[in-house]
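# Coordinate analysis (summary)
Each chain, letter by letter, is given below.
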Amino acid sequence: MAVIMYNKWLLAYYGFPYPLALTMWHMTFCSTVAFCLVRVFRVVKPVNMSMTDYRRRVLPIGLLYAASLWLSNSAYLHLSVSFIQMTKALMPGLVYMIGCFMRTEQYSRKVTLNMAVIAVGVGIAAYGEVNFVVIGVVQQLSSLLFEATRLMLVQVLINSQGMSMNPIQSLYYVSPACLLGLTGPFLYFEFPEIMARTVWNINPWVLVGNAVIAFGLNLAVFLLIGKTSALTMNIAGVIKDWLLIWMSANVFAAPVSTLNLAGYFLAFMAVVFYNNHKLQQMKKAVKEVKSAKSEDDKVDIETSKDQNT
């Protein structure tokens, strides 16, 4: 939550309306700290990965991450934090849709209907948005699409191949790829404007503090993915979304209409239903694996007895 509120304030209120520059600064900081931890202080060892594997597996993920961060930070210039959080309810549907396309998810009419309800809820929230800016909505929805694709590629290119990285290793490999993806757009869109600006009232420590918090967030995200259950992550996400909507309305005086809340509540309930459905599926799969293992153990025991007799 701190990073979201900090970025919104920095981009929209503090006088630093450069989302690409801010995202590049985050990735430069993350890359530098991760490099020091891996190569200089040797806190963790690097993963045994060839340059070919890096180009095929990590680089696409880093480029998608760059696009997602750039566009999501750009949306803060046009939309309220509360409305941006409401649109994020679409993420399960996008992940499911891309998963069906990549054949990592199995099509289900029930799940598809669930996703349609989420979309309707977000649509109602958008219709009730007081400060609806088309370019901001396009940027935010594009950001969600890139992020959903990135999550599926992580599953296809990293997890399914048996590759595992701890949080620091993930930052060490992904951050430079993300920085590379941001360089071209930055040079084209923001660099000329920054060079032409003559008056700067920016405290460098404000940017340093922002980068430290962003590094902590990235580290926490990679850590939580591997250390917590799906249920814990989902509960934490729900609490975070509602708190951010409340904080946006109170800190930035962002108007939140009754239609906003009604639409988001509908989407929120559909997301809760979907998360519970996924959780039950995971429990069922684990139970089936344990049952199959138990049957195999029984067969081995019976076989051993037969051989002894």
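Heads up: the structure comes first, above all this text.
For clarity, every value in this text was computed on a predicted model and none was experimentally measured. (Residues numbered from 1 in each chain as written. Predicted model: local features only at pLDDT ≥ 70, side-chain atom pairs only at ≥ 80, totals over all residues. Heavy atoms only, no water.)

### Notes on the overall build of the chain
Each helix and strand in the chain was counted, giving eleven helices and zero strands. Going from the N terminus to the C terminus, the chain shows its helices and strands as α-α-α-α-α-α-α-α-α-α-α. Across the 309 residues that make up the chain, the buried fraction comes to 41%. Put simply, of all contacts in the chain between residues at least 6 apart along the chain, 87% involve residues at least 24 apart. About 17,200 Å² of surface is accessible on the chain, with carbon and sulfur atoms providing 66% of the total. (Helix = DSSP H or I, 4+ residues; strand = E, 2+ residues; numbered from the N terminus. Buried < 20%, exposed > 50% of the residue type's maximum accessible area, 1.4 Å probe, protein only. Contact = heavy atoms within 4.5 Å. Areas by Shrake-Rupley, 256 points an atom, 1.4 Å probe, with all protein chains shown as cover.)

### Some points on the packing of helix H3 (residues 51-75) against helix H7 (residues 134-158)
Look at H3 against H7: their axes get within 8 Å of each other, and the N-to-C directions meet at 160°. When the axes of H3 and H7 are compared, the pair comes out roughly antiparallel. Read as a crossing pair, H3 and H7 show a hand that is left-handed. Split by residue class, the contact of H3 with H7 holds twelve nonpolar, nine polar and four charged. (Axes fitted to C-alpha atoms, helices over the stretch in contact; angles between N-to-C directions. Parallel < 35°, antiparallel > 145°, perpendicular 65-115°, else oblique. Left-handed = near helix turned anticlockwise from the far one by under 90°. Nonpolar A, V, L, I, M, F, W, Y, C, P; charged D, E, K, R; others polar.)

### What to know about helix H5 (residues 91-102)
Here H5 spans 16 Å end to end across twelve residues, near enough to the 16 Å set by a 1.5 Å rise per residue. For H5, the full list of buried residues reads Met-91, Pro-92, Gly-93, Leu-94, Val-95, Tyr-96, Ile-98 and Gly-99. Once H5 ends, the next one or two residues include Arg-103, with phi positive near 65°. (Expected span 1.5 Å × (residues − 1).)

### Side note on empty space enclosed by the protein
A full pass over the atoms with the stated rule returns one cavity of 30 Å³ or more. Each pocket or cavity is described by its volume, and for the largest cavity that value is around 30 Å³. Elements that contribute at least two residues to the lining of the largest cavity include exactly helix H6 (109-127) and helix H11 (258-308). Residue composition of the lining of the largest cavity, by class: three nonpolar, two polar and one charged. (1 Å grid on protein atoms, 1.4 Å probe; cavity = no way out; pocket = protein on both sides within 12 Å on 5 of 7 lines; lining within 4 Å. Points joined across faces, edges and corners; volume = space filled by probe spheres on them.)

Read these as layout, nothing more, since geometry by itself doesn't imply function.
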